[in-house]
Amino acid sequence: MNKRNDLVIISIHKTNKLYFAAAFSQKGKIVRIALPKTNLEDLITEISNYHPKFIINNMHEKIVAIIAEIYHGNKSNFDIELLEMDIPNKSSHVTSTLKTNFERDVILEVASIPQGHVRTYKEIATSVKTQGYRAVGTAIGKNPFPIVVPCHRVIRSDGKIGGFRGGKQMKIEMLINEGFKIKSDKILLEK
DNA sequence: GATTGACGCCGAG
DNA sequence: CTCGGCGTCAATC
C-alpha cells in the first residue's frame with residue numbers, strides 16, 4: 001500500500017500538445033493518474049500535491065502512452081491490475097490512493113463501463129446498492145485514476161454531461177473522442 | 001452534530 | 001426549459 005510519504009516514480013508522455021503523467025509505487029502499481037495539461041510544470045505540481053516525494057523517470061512511459069491513447073479514444077481496454085486498489089488501515093490518516101470500501105466499490109463499478117458507452121450516476125449508485133447519488137458523485141469526483149477508470153462516461157440521469165474535475169470541457173472532449181455527439185450540454189444517445 | 005457535494009425528482013413559473 | 005427545494009448518504013469539519 002502506497003502512502004503519501006512514500007516515494008513514487010512519475011513517468012511522462014507527450015502527445016501533440018498535451019502532457020500526460022502517472023505516479024507509480026515501488027511495486028510498479030499506479031497510485032495516481034493526472035489529467036493531461038499543456039504545461040508540464042502544472043502536471044508535476046498536481047501529482048506532487050498527493051505525493052510530495054517523487055522522482056521523475058520514464059521507465060513506465062509505455063503505460064502512460066496507453067493512457068494517452070485511451071484519452072484520445074483510440075484504445076478501449078486497460079489492465080485494472082496495474083492500479084493500486086488497496087485500502088489503508090483505519091489508523092493511518094495519511095492520504096493514500098483510495099480511502100474507503102465505498103470509494104473502491106464505486107471506482108470498480110465505473111471501471112466496468114466499456115468504451116463508447118455511458119452510465120448515469122444513479123445507475124452506478126444502484127449497482128453499489130445505495131441511494132446516496134450525491135455521495136456517488138463525490139466518490140467519482142475523487143477518482144485517482146481518471147481516463148483509465150472512465151469517470152467521463154458517467155453522466156446525469158437527465159442526459160446532461162455533469163461535472164468533471166478537469167472541467168466540463170475536457171469531459172465533453174473525451175466523449176466526442178469516443179464518438180458521442182453532444183448538443184447543448186446533453187448527450188445524443190444514437191452517437 | 002452540521003455542512004458539503006461531479007446527483008435525482010417533482011412542482012411552479 | 002429553468003429554478004427551488006427537498007430527499008438521500010458518505011466524507012469532512
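Keep in mind that what you see is a predicted model, and the values were worked out from it rather than measured.

Engineer: Lay out unusual backbone geometry in plain terms, naming residues and giving numbers.
Structural biologist: One non-glycine residue with positive phi stands out, namely Lys 129, at about 60 degrees. Tracing the backbone shows Lys 129 in the loop between helix H4 (121-127) and helix H5 (133-141). According to the relative accessible area criterion, Lys 129 is exposed, its value standing at 75%. The phi torsion at Ser 184 lies on the positive side, around 40 degrees, for a residue other than glycine. With respect to the helices and strands, Ser 184 occurs in the loop between strand S7 (181-183) and strand S8 (186-188).

Engineer: Hey, could you go over the domain arrangement of chain A for me, with residue numbers and the actual values?
Structural biologist: Annotation of chain A at the domain level lists domain 1 (8-82) and domain 2 (101-188). Each of domain 1 and domain 2 was reduced to a C-alpha centroid, and the two centroids are 20 Å apart. Every contact between the two is made by 16 residues of domain 1 and, on the other side, 16 residues of domain 2. With both chains or domains summed, domain 1 and domain 2 bury close to 1500 Å², and 70% of this area falls on carbon and sulfur atoms. Three residues stand out in domain 1 for area buried against domain 2, namely Ile 33, Leu 35 and Tyr 71, and they jointly supply 43% of the buried area on that side. Summed over the shared surface of domain 1 and domain 2, the number is zero salt bridges. The interface formed by domain 1 and domain 2 holds four residue pairs in polar contact (both at pLDDT 80 or more) in total.

Engineer: Could you give me a rundown of the layout of surface pockets, with the residues and numbers involved?
Structural biologist: Empty space within the largest pocket amounts to approximately 520 Å³. Among the elements of the structure, strand S3 (30-37), helix H1 (40-50), helix H3 (101-111), H5 and helix H6 (168-177) are those that each provide at least two residues to the lining of the largest pocket. Here the element with the most residues in the lining of the largest pocket is S3; it accounts for five residues. For the lining of the largest pocket, the class distribution of residues is 14 nonpolar, eight polar and eight charged. Two domains each put at least three residues into the lining of the largest pocket: domain 1 (8-82) and domain 2 (101-188).

Engineer: If you had to explain the protein's contact with DNA strand C to someone new, which residues and values would you point to?
Structural biologist: Lining the immediate environment of DNA strand C, one finds Lys 99, Thr 100, Phe 102, Thr 130, Gln 131, Gly 132, Tyr 133, Arg 134, Ala 135, Lys 142, Lys 160 and Lys 186. Backbone atoms, meaning sugar and phosphate, make up 84% of the atoms of DNA strand C lying within 4 Å of the protein. Side-chain polar atom of Lys 99 to a phosphate oxygen of DNA strand C: 3.4 Å apart, as the coordinates give it. Here a phosphate oxygen of DNA strand C and a side-chain polar atom of Thr 100 are 2.6 Å apart.

Engineer: Tell me about the environment of Ile 107, and please be specific about residues and values.
Structural biologist: Among the secondary structure elements, Ile 107 is positioned in helix H3. Measuring from C-alpha to C-alpha, the distance between Ile 107 and Met 85 comes to 9.2 Å, with 22 residues separating the pair along the chain.

Cut-offs and rules
Residues numbered from 1 in each chain as written. Chains lettered and ligands numbered in written order. Predicted model: local features only at pLDDT ≥ 70, side-chain atom pairs only at ≥ 80, totals over all residues. Heavy atoms only, no water. Helix = DSSP H or I, 4+ residues; strand = E, 2+ residues; numbered from the N terminus. Buried < 20%, exposed > 50% of the residue type's maximum accessible area, 1.4 Å probe, protein only. Domains from an automatic or database assignment. Contact = heavy atoms within 4.5 Å. Buried area = accessible area lost by both parts, 1.4 Å probe. Salt bridge = Lys/Arg side-chain N within 4 Å of Asp/Glu carboxyl O. Polar contact = N/O pair within 3.5 Å; in protein donor to acceptor, adjacent residues only side chain to side chain. 1 Å grid on protein atoms, 1.4 Å probe; cavity = no way out; pocket = protein on both sides within 12 Å on 5 of 7 lines; lining within 4 Å. Points joined across faces, edges and corners; volume = space filled by probe spheres on them. Nonpolar A, V, L, I, M, F, W, Y, C, P; charged D, E, K, R; others polar. Near = heavy atom within 4 Å.

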